[in-house]
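# Structure at a glance
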Amino acid sequence: MSARLRLVTDRAALADAPPPAADPLHEEPGPGAARCLGLYAKLAAGVTVVTARGEDGPLGMTVSAVTSLSARPPLLLACLRDGSRTLAALRARRSFAVHLLREEQQELAGRFASPTTTAAERFAGTDTRQVLGVPVLAGALAWSVCLTEDVRRYGDHHLVVGRVAAVHVGGGRPLLWHDRRFGVLTEPVPDAAG
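These figures come from a predicted structure and were not determined experimentally.

What counts and what doesn't
- Residues numbered from 1 in each chain as written.
- Predicted model: local features only at pLDDT ≥ 70, side-chain atom pairs only at ≥ 80, totals over all residues.
- Heavy atoms only, no water.
- Helix = DSSP H or I, 4+ residues; strand = E, 2+ residues; numbered from the N terminus.
- Buried < 20%, exposed > 50% of the residue type's maximum accessible area, 1.4 Å probe, protein only.
- Lys, Arg positive; Asp, Glu negative; His and termini not counted.
- Salt bridge = Lys/Arg side-chain N within 4 Å of Asp/Glu carboxyl O.
- Contact = heavy atoms within 4.5 Å.
- Pairing = 2+ DSSP bridges.

## Side note on the side chain of Arg-122
By the secondary structure assignment, Arg-122 is in helix H6 (residues 119-123). Among buried charged residues, Arg-122 stands out as having no salt bridge; its nearest opposite-charge side chain is Glu-121, 7.2 Å away. The contact partners of Arg-122, leaving out residues within four places of it in the chain, are Gly-60, Met-61, Arg-111, Phe-112, Ala-113, Ser-114, Pro-115 and Thr-117.

Okay, structure coming up:
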């Protein structure tokens, strides 16, 4: 009987207790998309093209949100727009390539970013070869072919984790994206092929 009484008393104490402190970040409606995009524009990033093998041939898109995730095991993280054909292909084939573009490859980056450009037009005139069954663009500053480890949706993008299976690093200077425009480094970059 005393255990039952204690349980009833504990429930009554909980009912009289003040509610737990609210988390202001979850209650705050947050800034609008335009303000967030303004913030994101200030993030400087290397410009990359992600490619994958589709059912009808190579697919690809320009991506500015790519980063290293782990050295052991070697993992890359890329953020791809929800609904993209490239995302669908890398999910289906479980592999993709990430190309870090050179500063002189602005036209290529623009072509792969255009929503009105077809896959055939994106790859037209580019020297492409197959590495582990994935289309790889020649002339990039560096590239890696990855095996898809995980894909998770967050908002209007998917986080894609890839295990690096092949890699090439050349010399040169990277193409950058900052404040909604292309940029380049002003300091000399030593050539370090690997």
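## Some remarks on the pairing of strand E9 (residues 142-154)
Alignment of strand E6 (residues 95-100) against E9, held across six bridges, turns out to be antiparallel. From the neighbouring strand, Phe-96 faces E9, where its bridge partner is Cys-146. Looking at chain direction, E9 and strand E10 (residues 157-169) are connected through twelve bridges and run antiparallel. Directly across from Leu-147, in E10, lies its bridge partner Arg-163.

## What about the sheet that holds strand E11 (residues 175-178)?
Read across the sheet, three strands follow the order E1-E11-E12 without closing on themselves; strand pairing throughout is antiparallel. The open sheet has two free edges, formed respectively by strand E1 (45-46) and strand E12 (181-184), since each of these has just one partner strand.

## Observations regarding the pattern of salt bridges
Pairing between side chains becomes possible if they bear opposite charge and their charged atoms approach one another. This model, assessed by the stated rule, comprises five salt bridges. Two residues, Arg-163 and Glu-149, come together in a salt bridge whose shortest N-O distance is 3.0 Å. Here Arg-163, found in strand E10, pairs with Glu-149, found in strand E9; they are 14 residues apart in sequence, far enough to count as distant. Taking relative accessible area as the criterion, Arg-163 reaches 32% and is therefore assigned partly exposed. Between Asp-150 and Arg-152 there is a salt bridge, and its shortest N-O distance comes to 2.7 Å.

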